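Okay, here's what each chain looks like letter by letter:
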Amino acid sequence: MPPFHRETLASYLYRLATANQLHPDDLGAHLTGARRTRAPITLHGLAAATGRSPRSLSHALPELRIASTPTAHPPEPLLTRRTVCRHCAARRDAFRFATTWQPPEVNICPTHRIWIGPPVRGHGVPQLDVSAVPEILHAQRRHYRLARRHGRRTAADAFAEAAHITALWARHAFHDRGRARLIRALVDRPPLTGRLRPDDPITPVVTYPQTVDLARVLATPYWRRPASGDTDDLPRFQQDIDTHLGIEYHPENSPYDPLFGWFTKHHDPHAAIR
Ligand SMILES: [Zn+2]
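Just so we're clear, the structure is a prediction, and the values are computed from it rather than from any experiment. (Residues numbered from 1 in each chain as written. Predicted model: local features only at pLDDT ≥ 70, side-chain atom pairs only at ≥ 80, totals over all residues.)

Engineer: In this structure, what is going on with the overall build of the chain? I would like to understand it.
Structural biologist: Along its length, the chain carries 15 helices and two strands. Looking at the chain as a whole, 32% of its 274 residues qualify as buried. Partitioning the contacts of the chain with sequence separation of at least 6, the portion at a separation of at least 24 is 60%. (Helix = DSSP H or I, 4+ residues; strand = E, 2+ residues; numbered from the N terminus. Buried ≥ 20, exposed ≤ 12 C-beta atoms within 10 Å, placed from the backbone. Contact = placed C-beta atoms within 7 Å.)

Below, the structure is given as structure tokens:
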């Protein structure tokens, strides 16, 4: 049974155990020859048990590539766990929740246009098919560009900050700019008020285009620089937001707005001491 490309070791071992009708612990014992201690699984042990070459296994399983004693941490900084797309899993007749390591900017299966990004909580949330929603597909391309331009770390930080802000906007039905249309395109029963519950699993999907637009502003070195005490920049920031997001942002009317909070944190000298 071949691993998925970049499959997590835990996911592969789980699938291997079920395919062989073993309890995962028993498979672990079989691979390491140790029942009581949690002995590390080695590349050669796994190769011997699966009949697959160490080379092909280490190519597919990043954790085996990096260390001889894999841990629960990502094998490379900034890789994140993503459940494989349901069509990719079905095509391989694999367990639906097989998990792979992916760069954080990967949110859509490139082959099947299935949303594989957050939320990853629980297994009850069906993966959405976004193939008929060009704005979301386009946002994924812009997201890749963002990571290429600013580097994965900055892009991931700016995206996380932006996602927090757009989720709050979605919760209060602020700055809609097409969000209601995306909700209607993806769910049968859109909320009548246009407000999304804080835990609504579609939030990251329907806010995605706006989150990428906002992340592009928040990632620019000019706005990300350390707090300078220069709050005169607010009109320019407002203009940048309006241009990139296509909204009319009025921070002076909403002192509790999360985006204003972001600006203050980066540009208020007092907020710098935190
Ligand atoms: Zn797929």
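Engineer: Just checking my understanding: could you explain unusual backbone geometry for this structure?
Structural biologist: Peptide bonds are, in most cases, trans, and in most cases residues other than glycine have a negative phi. In this structure, His175 is a non-glycine residue whose phi angle is positive, near 45°. Turning to its location among the elements, His175 is positioned in the loop between α8 (152–172) and α9 (179–186). Look at His175 and you get buried, because 21 C-beta atoms sit within 10 Å. A positive phi angle, near 35°, is found at Arg177, a position not held by glycine. Among the structural elements, Arg177 can be located in the loop between α8 and α9.

Engineer: What is the right way to look at the environment of Arg149 in this model?
Structural biologist: Secondary-structure assignment places Arg149 in helix α7 (residues 134–150). What makes Arg149 exposed here is the crowd of 12 C-beta atoms within 10 Å. Remark: the alpha-carbon pair of Arg149 and Ala219, spanning 70 residues in sequence, is separated by 9.5 Å.

Engineer: Honestly, the packing of helix α2 (residues 24–32) against helix α3 (residues 43–50) in this entry has me stumped. Any pointers?
Structural biologist: When two helices pack together, you describe them by how their axes are tilted relative to each other and by the distance separating the axes. Contact geometry for α2 and α3: axes closest at 9 Å, N-to-C directions at 105°. What the angle tells us is that α2 and α3 run roughly perpendicular. Contact with α2, carried on its side by His30, Leu31 and Thr32, involves Gly45, Leu46 and Ala49 of α3 and no other residues of that element. Among the residues making up the contact of α2 with α3, the classes are represented as three nonpolar, three polar and no charged. (Axes fitted to C-alpha atoms, helices over the stretch in contact; angles between N-to-C directions. Parallel < 35°, antiparallel > 145°, perpendicular 65-115°, else oblique. Nonpolar A, V, L, I, M, F, W, Y, C, P; charged D, E, K, R; others polar.)

Engineer: Just checking my understanding: could you explain the nonpolar core for this structure?
Structural biologist: Nonpolar side chains in soluble globular proteins generally cluster together in the buried interior. Counting 45 residues, the largest nonpolar core has Ala155, Ala162, Val205, Ala215 and Leu218 as the members making the most contacts within it. Taken together, the elements giving at least two residues each to this core come down to α7, α8, α9, α10 (203–206), α11 (208–219), α13 (234–245) and α14 (258–267). Here this core spans two domains, and each of domain 1 (9–102) and domain 2 (134–272) adds at least three residues to it. If near-sequence neighbours (up to four positions away) are discounted, Ala162 is found in contact with Thr211, Leu214, Ala215 and Leu218. Counting residues in hydrophobic clusters, the runner-up holds eight residues, among them Leu9, Ile41, Leu57 and Leu61. (Core = buried A, V, L, I, M, F, W, Y, C linked by C-beta atoms within 7 Å. Domains from an automatic or database assignment.)

Engineer: How should the environment of Leu137 be read in this particular structure?
Structural biologist: Here Leu137 lies in helix α7. Residues Leu137 and Arg113, 24 residues apart in the sequence, show an inter-C-alpha distance of 7.7 Å.

Engineer: Before we go on, may I ask you to explain the packing of α8 against α14 in this structure?
Structural biologist: Look at α8 against α14: their axes get within 9 Å of each other, and the N-to-C directions meet at 150°. One finds that α8 runs roughly antiparallel with respect to α14. When α8 is examined against α14, the residues Glu161, His164, Ile165 and Leu168 are found in contact with a partner set consisting of Pro258, Leu259 and Trp262. Looking at the contact of α8 with α14, its residues break down into five nonpolar, one polar and one charged.

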